[in-house]
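# Remarks on the overall topology
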Amino acid sequence: GSFMHFVLAAVLIFAVALTIGVQVVKYSNSTQIGTVSACVPASEQALLSGATPTTAEAPAAKAGLQPGDQVTSFGGVAVSNWTQLQNAILKVKPGTPVTLTVLRDGRPLTLHTELAEVKGHGSFFGIGQVATTVYQGQNPINAVKDVGSGFSQVFTGSVHALGALPAAVPSLFNQDRACTAAGNVSSVVGAARDTGQEVASNQGWQAKVEFVLLLIASLNIFVGVLNLLPLLPMDGGHIAVVIWERIKYWIYRLRGRPDPGLVDYRKLIPLSFAVFLLLVIFGTLLIAADIVNPVTIG
C-alpha cells in the first residue's frame, strides 16, 4: 500500500516537472508588500523552511499592513527599495515601538507596531516582496532530480507533521490555530477548500494545475508514511508482526527449539481496534476544526 502511494507521488512530481516545469521566482526590489506573515517563526531555521511558527502574531499583521501597500518610511527612515527597508527593519531592536508610513490606494497611512525577535536572525517584521513566477520546463534527468528533492522534502515534512499531531490536538479549536502546530494539519475538508481557493484565484493555469497535482502527490506521501507506522491495522503493523515472527524464529533456532509459529492475530484485535478508533476520533476532530475554525492558504 505505502509503496504504491509513493510510486503515484513520484509519477505526479515527475510529470509536473517535465510538462509544466519548476517555478522560478523573481522578486521586485520595490517597497511594495507582496505578502504579510500571520505568525512569528520559532527560529531562523523555521523562518527559512516555513516550519511551525510560534503563537505570537507577526508585527506586520498587528500593524494592519496589507499586500499591495507601499512602504515609504520605517522607523523615521525614508526607504525607496527593498534593501533599504530590510536594513531599516534589522536596525530596530525587538520589542521597540516603531512607526511606518505606507501608501494604500494612493493615500498615505501611518501604522504602529513592535518588532518581534527570531532566534539567530534578529528583528522580525513579517513581510515579503512582490514576486513574479515563471515556469521552466525540465528535461527527464532534471525531472528525476526534482522527484528526489521534492519527495525528500514532503517525506520529511510528513514525518514532522505526524510527530506534531499530539501537540496539534489541543489547539485545533483555538482562535490562533494558524500560529500553532494545528495550523500545519488539515483534513479532506481543508484540502478541498484550499484547492477551491487556488482554482478560483487569478493565477495562470500552470499554477493551478501544479497546485492540484502536487497536493495529490503530497497527500499520497503523507498517507504512505502514516501507513508505515508500526501499528495495526496499518501495513507498518503487519510488517512489525512479520519482523517479530522472524526474530522469535531466530532466537528459538539458536536455542535449538522448534519454530514457535506465526503470531495469533486474534490476540491483536483489541490493539487494532484501539488504533482504528483513535484514527477515527482524530479524523473527526480535524474535520470539525476545518469546518468551524479553518486555516486557509490566503
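Since we're looking at a predicted model, the values are computed, not measured.

### Notes on the sheet that holds strand 5 (residues 70–74)
Read from one edge to the other, the open sheet built from four strands follows the order 6-5-7-8, with strand pairing classed as antiparallel. Two strands in the sheet have a free side with no partner beyond their single neighbour: strand 6 (77–78) and strand 8 (107–114). Here strand 7 (residues 97–104) pairs with strand 8 via eight bridges, running antiparallel. Across the sheet, Arg104 pairs through a bridge with Arg107, a residue of strand 8.

### Some thoughts on the side chain of Ser171
The topology assignment puts Ser171 in the loop between helix 5 (140–168) and helix 6 (188–199). Overall, Ser171 belongs to the buried group, its relative accessible area being 13%. Apart from the residues lying within four places of it in its own chain, the contact partners of Ser171 are Arg177, Thr180 and Ala182.

### Thoughts on helix 9 (residues 269–292)
The first and last C-alpha atoms of helix 9 sit 35 Å apart over 24 residues, in line with the 34 Å expected at 1.5 Å per residue. Within helix 9, burial applies to Ser272, Val275, Phe282, Leu286, Ala289 and Asp290. Those residues of helix 9 that are buried lie in contact with helix 5 and helix 6.

### Details of helix 7 (residues 205–227)
Between its first and last C-alpha, helix 7 extends 33 Å over 23 residues, near the 33 Å set by a 1.5 Å rise per residue. Those residues of helix 7 lying buried are Ala207, Glu210, Ala217, Asn220, Ile221, Gly224, Val225 and Asn227. Among the structural elements, helix 1 (2–20), strand 1 (22–27), strand 12 (131–136), helix 5, helix 6 and helix 8 (235–254) are those in contact with the buried residues of helix 7.

### Considerations on a nonpolar patch on the surface
Among the surface-exposed residues, Val169, Phe173, Val188, Phe273, Phe276, Leu277, Val280, Ile281, Leu285, Ile287, Ile291 and Val292 lie close enough to one another that they form a single nonpolar patch of about 1,100 Å² accessible area. The leading source of residues in the nonpolar patch is helix 9, at nine residues. The residue Phe273 is located in helix 9 in this model. Overall, the relative accessible area of 52% leaves Phe273 in the exposed class.

### Brief notes about the packing of aromatic side chains
In this structure the tally under the stated criterion is four aromatic pairs. For the pair Phe6 and Phe151, a centre-to-centre distance of 5.4 Å together with 80° between the ring planes defines the contact as edge-to-face. In this pair, Phe6 is assigned in helix 1 and Phe151 in helix 5, connecting sequence segments 145 residues apart. Each member of the pair, Phe6 together with Phe151, is buried. On the numbers, 6.2 Å between centres and 20° between planes, the contact of Phe151 with Phe155 is stacked. Taken as a pair, Phe151 and Phe155 lie in helix 5 at a separation of four residues, close to a single helical turn. An aromatic cluster is present here, built from Phe6, Phe151 and Phe155 joined pairwise through their rings. Lying over the aromatic face of Tyr249, Arg246 brings its terminal NZ or CZ to 4.8 Å of the ring centre. One cation-aromatic arrangement involves Arg257 over Tyr252; the distance from NZ or CZ to the ring centre is 4.4 Å.

Definitions and limits used
- Residues numbered from 1 in each chain as written.
- Predicted model: local features only at pLDDT ≥ 70, side-chain atom pairs only at ≥ 80, totals over all residues.
- Heavy atoms only, no water.
- Pairing = 2+ DSSP bridges.
- Helix = DSSP H or I, 4+ residues; strand = E, 2+ residues; numbered from the N terminus.
- Buried < 20%, exposed > 50% of the residue type's maximum accessible area, 1.4 Å probe, protein only.
- Contact = heavy atoms within 4.5 Å.
- Expected span 1.5 Å × (residues − 1).
- Patch = residues over 30% accessible without salt bridge, like charges linked within 9 Å, V, L, I, M, F, W, Y side chains within 5 Å.
- Areas by Shrake-Rupley, 256 points an atom, 1.4 Å probe, with all protein chains shown as cover.
- Salt bridge = Lys/Arg side-chain N within 4 Å of Asp/Glu carboxyl O.
- Phe/Tyr/Trp six-rings, centres within 6.5 Å; stacked < 30°, edge-to-face > 60°.
- Lys NZ or Arg CZ within 6 Å of the ring centre and 35° of its normal.

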